[in-house]
Amino acid sequence: DLAHTVVLDEADEMLDMGFREDIYTILEDTSAERQTILFSATMAKDILELTKRFQKSPNIVDVTDNLQNTPNIEQQYFEVVEKDKIELITRLLHLHNVNLALIFCNTKSNVDKVVEILKTKGYFSDAIHGDMNQAQREKVMRGFRNGSVKVLVATDVAGRGIDVKNIEAVFNYDLPRDDEDYIHRVGRTGRAGTSGISFTFVSKKQVQHLRRIE
């Protein structure tokens, strides 16, 4: 039997990761009478193309209610060289007395490197990225939610589904490649009416990129 209901969650990320043909293959092999619902934090050109091709007169439901993306988040940036980033993280964690923090890196290798160094410095840290299976991810997330993991280091793909209310600080160890990812990252703190703080690390050459995000 053909599927009658199709849900694409994080459709923008799926397209960014190169799954366009896979999405098209699945949707083209479903019933013409199906219901197709897309959930996306951003409505980029690729997403709009999907709606035109696979949906019939769709309704767009905007749940942002015209609020700011980060109303309760103080955002800071530091111009810093690569070798000093870990030391700066530890100083900021101590200075702001951060109990629960999330660090974003652009690569899995950086995630693993940051976790190992933080562990040697006595921080209860763990990693979450695409090389881990679902059981491993769930185990790490349980630790982060119950407080046994104080510092979680993640890539963007893994970090999209993180919804922990009491994250006090977000670190952009690497400046995100995509401007929209900055919003996704920083929005992990200051949730449910709480306040939060974010720290973004940039090199001299990246300051202009940061200005564009700003």
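Residues numbered from 1 in each chain as written. Predicted model: local features only at pLDDT ≥ 70, side-chain atom pairs only at ≥ 80, totals over all residues. Heavy atoms only, no water.

> Just give me the short version of the nonpolar core, but keep the residues and values in it.
Considering soluble globular proteins, one finds that nonpolar side chains tend to be buried as a cluster. Grouped together as the largest cluster of nonpolar side chains are 23 residues, with contacts concentrated most on I89, I103, V114, L118, V153, F171 and F201. Breaking this core down by element, the ones donating at least two residues are α4 (85–95), β4 (101–104), α5 (108–120), β6 (151–154), β7 (169–172) and β8 (196–202). Ranked by residue count, the leading element in this core is α4, at 5 residues. Discounting residues that sit within four places of it in the chain, V114 has contacts with I86, I103, C105, V153 and Y173. Grouped together as the second largest cluster of nonpolar side chains are 15 residues, L100, M132, V140 and L152 included. (Core = buried A, V, L, I, M, F, W, Y, C linked by side-chain atoms within 4.5 Å. Buried < 20%, exposed > 50% of the residue type's maximum accessible area, 1.4 Å probe, protein only. Helix = DSSP H or I, 4+ residues; strand = E, 2+ residues; numbered from the N terminus. Contact = heavy atoms within 4.5 Å.)

> I'd love a proper account of the packing of aromatic side chains, names of residues and values included.
Tallying each qualifying case throughout the model produces 5 aromatic pairs. On the basis of an interplanar angle of 45° and a centroid distance of 6.2 Å, the ring pair of F78 and F199 is categorised as tilted. Within this pair, whereas F78 is found in strand β3 (residues 73–79), its partner F199 is found in strand β8, the two being separated by 121 residues in sequence. With relative accessibility at 24%, the residue F78 sits in the partly exposed group. The class for F199 is buried, based on a relative accessible area of 0%. What links up through ring pairs into an aromatic cluster is the set F78, F171, F199 and F201. We note R53 situated over the ring of Y24; from NZ or CZ to the ring centre the distance is 4.2 Å. Over the face of the ring belonging to Y173 we find K85, whose NZ or CZ atom lies 4.8 Å from the ring centre. (Phe/Tyr/Trp six-rings, centres within 6.5 Å; stacked < 30°, edge-to-face > 60°. Lys NZ or Arg CZ within 6 Å of the ring centre and 35° of its normal.)

> Tell me about the pattern of salt bridges, residues and numbers included.
For the structure on display, the rule yields 12 salt bridges. Between R53 and E28 there is a salt bridge whose closest N-O contact spans 2.6 Å. Placement of the pair is R53 in helix α3 (residues 45–54) and E28 in helix α2 (residues 20–28), with a sequence separation of 25 residues. Taking the relative accessible area as the measure of exposure, R53 reaches 47% and is therefore partly exposed. Here D179 ties to R212 by a salt bridge, and the two come within 3.0 Å at their closest N and O atoms. A residue pair is termed long-range when its members are at least 10 positions apart, and D179 in helix α8 (residues 179–186) and R212 in helix α9 (residues 207–213) qualify at 33 residues. Here the salt bridges do not stand alone but share partners, grouping E82, K85, K113 and D174 into one network. (Salt bridge = Lys/Arg side-chain N within 4 Å of Asp/Glu carboxyl O.)

> Let's hear about the side chain of K85: which residues, and what values?
Assignment of secondary structure puts K85 in helix α4. Since its relative accessible area comes to 5%, K85 is described here as buried. A polar side-chain atom of K85 sits 2.8 Å from the main-chain carbonyl oxygen of Y173. Setting aside residues up to four positions removed in sequence, K85 forms contacts with V80, Y173, D174 and F201. (Polar contact = N/O pair within 3.5 Å; in protein donor to acceptor, adjacent residues only side chain to side chain.)

> Account for the environment of E180, with residues named and values stated.
Relative to the helices and strands, E180 is located in helix α8. Considering only alpha carbons, one finds E180 and I213, 33 residues apart in sequence, at a separation of 8.3 Å.

> Could you give an account of α2, with specific residues and numbers?
Note that an α-helix has 3.6 residues per turn; residues three or four places apart therefore point the same way. Every buried residue of α2 is accounted for by I23, Y24 and L27. The arc that holds the buried residues of α2, viewed along the axis, is 95°, so those residues lie on one side. More than 90 degrees from the buried face of α2, the exposed residues found are E21, T25 and I26. (Arc of directions from axis to C-beta.)

> Tell me what's going on with α5, and back it up with residues and numbers.
Compared with an ideal rise of 1.5 Å per residue, which puts 13 residues at 18 Å, α5 spans 19 Å between its outermost C-alpha atoms and is within 8% of the ideal. Turning to α5, its buried residues are N110, V111, V114, V115 and L118. Buried residues in α5, looked at end-on, bunch into an arc of 130°, giving them a common side. In α5, the exposed positions angled more than 90 degrees off the buried face are occupied by S109 and T120. Its buried side turned inward, α5 meets α4, β4, β5 (125–128) and β6. G122, located one to two residues past α5, shows a positive phi value of around 95°. (Expected span 1.5 Å × (residues − 1).)

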